[in-house]
Amino acid sequence: MTHPTRYFFCGIGGSGMLPLALILLDQGHIIEGSDRSLDQGRTPAKFDYLRTRGIKLYPQDGSGVTRADQVVVASAAVEDTVPDIAAAIRVGAKRMSRAQMLSALFNAAPTAIGVAGTSGKSTTTGMIAWILHHTGKSPTVMNGAVMKNFQTPDALFASSLVGASGIFVSEVDESDGSIAGYNPRVAVVSNISLDHKSMDELRALFGGFASRAETVVLNLDNDETARLAADFPAAITYSLTDPAARLIAQDIAPAPTHITFSVHDQKTGETAAIRLATPGRHNVSNALAAIAACMACGVTLAEASKALATFAGISRRFDVIGTEGGVTVIDDFGHNPDKIAATLRTVNQFPGRVLVMFQPHGFGPLRNMRREFAECFAENLDAEDILLMPEPAYFGGTVDRSVGSTDLAADITALGRHAEALGDRAACGARLLELAKPGDRILVMGARDDTLTVFAQELLARFKARAEA
């Protein structure tokens, strides 16, 4: 590269920003950035890692944006009053949203694979990444979560990968409408359900996304994606139950920490057996989506199945932190009703009480999906299970805080399940220590807050100390 561009990432530690910054860094550009979490002293290991990669970090006070030749990248939610953005306006630096930056890289790739859907995007993207890497296809990958297969001591935050081929694999997000800016060659739509937008808006966004692709991959087990399949008769379809699908999962045998199944390709007659180290029927579905996407890149069913046998999973996706004193602690990204239900279904297939510490990912989502959250927990918690909640994640700014965790706990209690709102995480930790007994599984759930993993690790350490006392 003859002329590297100087990029400044406002919010560089974010799950969608960090991998994008690393991809641009690995392509030879100069990367700088700031983050509110850095200023607040949160997740220091992440920022230490970025510094070791040669990324210069600044306080989020505008001091890092001083030149007109910088390109300032920020999420769409960042307001003009944030000092870095105000500085960009003042010095005349070009501004791009994260989605604009990512879609520009994505759309420039000869083979762009876009992974869309309300749930399962990060896991499916990670599976596609591992299959393509394992089969020598050398993909570039943008994921919203750390892919354990690519973690090394030198790459602890492996949510991106830079390859030598023209394949670019990325999650694409419907929540902010930015999915409309992506032109995939392969479009994966795993599921469509209420999350951030109305169902009519979602149908238009996902339908448009699929219509721009050469190959469409659709899940027949979701009512909305099955409806979409009628418009795309050439789509590669998959299912756990529907005999009309091209790829069908058979002989599904769940276990507490893995799941086995076989995949049958109705078009070729081939069948392959898979043992997946990530449990849950939803991960069987994710695996089918990944296999279908890779088949569109010339990978055989046998090759894809072999690669999936060594798929190590995604951080914070049913991530077993450990077991101490008979109590198992699991860290999970579940934050919308669909994701939470999938995780609870996985854990409730096996004996033992479930204690959940759920931190809602914002006051807005809690207010908008209050009824769906209450119904989800009421339907998927057993009578002896207990849900604990601190107040929603809040990192400053203006937001309507009229509905909080106390309201949701009251809704769930009214539906016949045990829920407590305890104000903060420290109180939840103390209560978990008081409640937990051998055989219990503790789920630490929530999004937008990397310190939830630290909470889960510290909780396990406290159970270890208790067991040794």
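As the structure is a computational prediction, the values presented were derived from the model and not from experiment. (Residues numbered from 1 in each chain as written. Predicted model: local features only at pLDDT ≥ 70, side-chain atom pairs only at ≥ 80, totals over all residues. Heavy atoms only, no water.)

Caption draft 1: Inspection of the pairing of strand β4 (residues 70-74) at higher detail. Taken across its five residues, β4 has five buried, putting it largely inside the fold. Neither face of β4 is exposed, since Gln70, Val72 and Ala74 on one face and Val71 and Val73 on the opposite face are all buried. In terms of strand pairing, strand β1 (residues 6-10) meets β4 through five bridges, oriented parallel. Paired with Tyr7 across the two strands is Val71, which belongs to β4. By the bridge criterion, four bridges tie β4 to strand β5 (residues 94-97) in an arrangement that is parallel. Note on β5: the bridge partner recorded for Val73 is Met96. Each parallel crossover has a hand, and for β4 linked through helix α4 (residues 83-91) to β5 it is right-handed. (Buried < 20%, exposed > 50% of the residue type's maximum accessible area, 1.4 Å probe, protein only. Helix = DSSP H or I, 4+ residues; strand = E, 2+ residues; numbered from the N terminus. Pairing = 2+ DSSP bridges. Right-handed = clockwise from strand over helix to strand, strands pointing away.)

Caption draft 2: Geometry of the layout of surface pockets. Taken as a whole, the second largest pocket spans an internal volume of roughly 170 Å³. Around the second largest pocket, the lining residues are Pro256, Thr257, Phe318, Val320, Thr328, Ile330, Thr346, Val347, Phe350, Pro351 and Arg441. For the lining of the second largest pocket, the secondary-structure elements that each account for two or more residues are β17 (327-332) and α11 (337-347). Of the residues belonging to the lining of the second largest pocket, the class tally is seven nonpolar, three polar and one charged. (1 Å grid on protein atoms, 1.4 Å probe; cavity = no way out; pocket = protein on both sides within 12 Å on 5 of 7 lines; lining within 4 Å. Points joined across faces, edges and corners; volume = space filled by probe spheres on them. Nonpolar A, V, L, I, M, F, W, Y, C, P; charged D, E, K, R; others polar.)

Caption draft 3: Broad picture of the environment of Ile30. Inspection of the secondary structure puts Ile30 in strand β2 (residues 30-34). We classify Ile30 as partly exposed; its relative accessible area is 34%. In the structure, Ile30 is positioned 371 residues away from Arg401 in sequence and 39 Å away in space, judged by C-alpha atoms.

Caption draft 4: Focus on the sheet that holds strand β3 (residues 56-58). An order of β3-β2-β1-β4-β5 is seen for the five strands of this open sheet, with the pairing classed as parallel. Of all the strands in the sheet, just β3 and β5 have a single pairing partner and so form its edges. If you compare each strand with its neighbour and ignore which way they point, the axes differ by 25° on average. (Axes fitted to C-alpha atoms, helices over the stretch in contact; angles between N-to-C directions.)

Caption draft 5: Inspection of the packing of helix α13 (residues 370-380) against helix α14 (residues 405-414) at higher detail. Look at α13 against α14: their axes get within 9 Å of each other, and the N-to-C directions meet at 45°. It follows from the interaxial angle that α13 and α14 lie oblique. You can see that α13 and α14 cross each other, and the crossing is right-handed. In this structure, α13 uses Arg370, Phe373, Ala374 and Phe377 to contact α14, whose residues at the interface are Asp407, Leu408, Asp411 and Ile412. Broken down by class, the residue content of the contact of α13 with α14 amounts to five nonpolar, no polar and three charged. (Parallel < 35°, antiparallel > 145°, perpendicular 65-115°, else oblique. Left-handed = near helix turned anticlockwise from the far one by under 90°. Contact = heavy atoms within 4.5 Å.)

Caption draft 6: View of α11. Of all 11 residues in α11, nine are buried; the element is thus mostly enclosed. The set of residues buried in α11 consists of Pro337, Lys339, Ile340, Ala341, Ala342, Thr343, Leu344, Thr346 and Val347. Close packing links the buried residues of α11 with α9 (281-295), β17, β18 (354-359), α13 and β21 (441-446).

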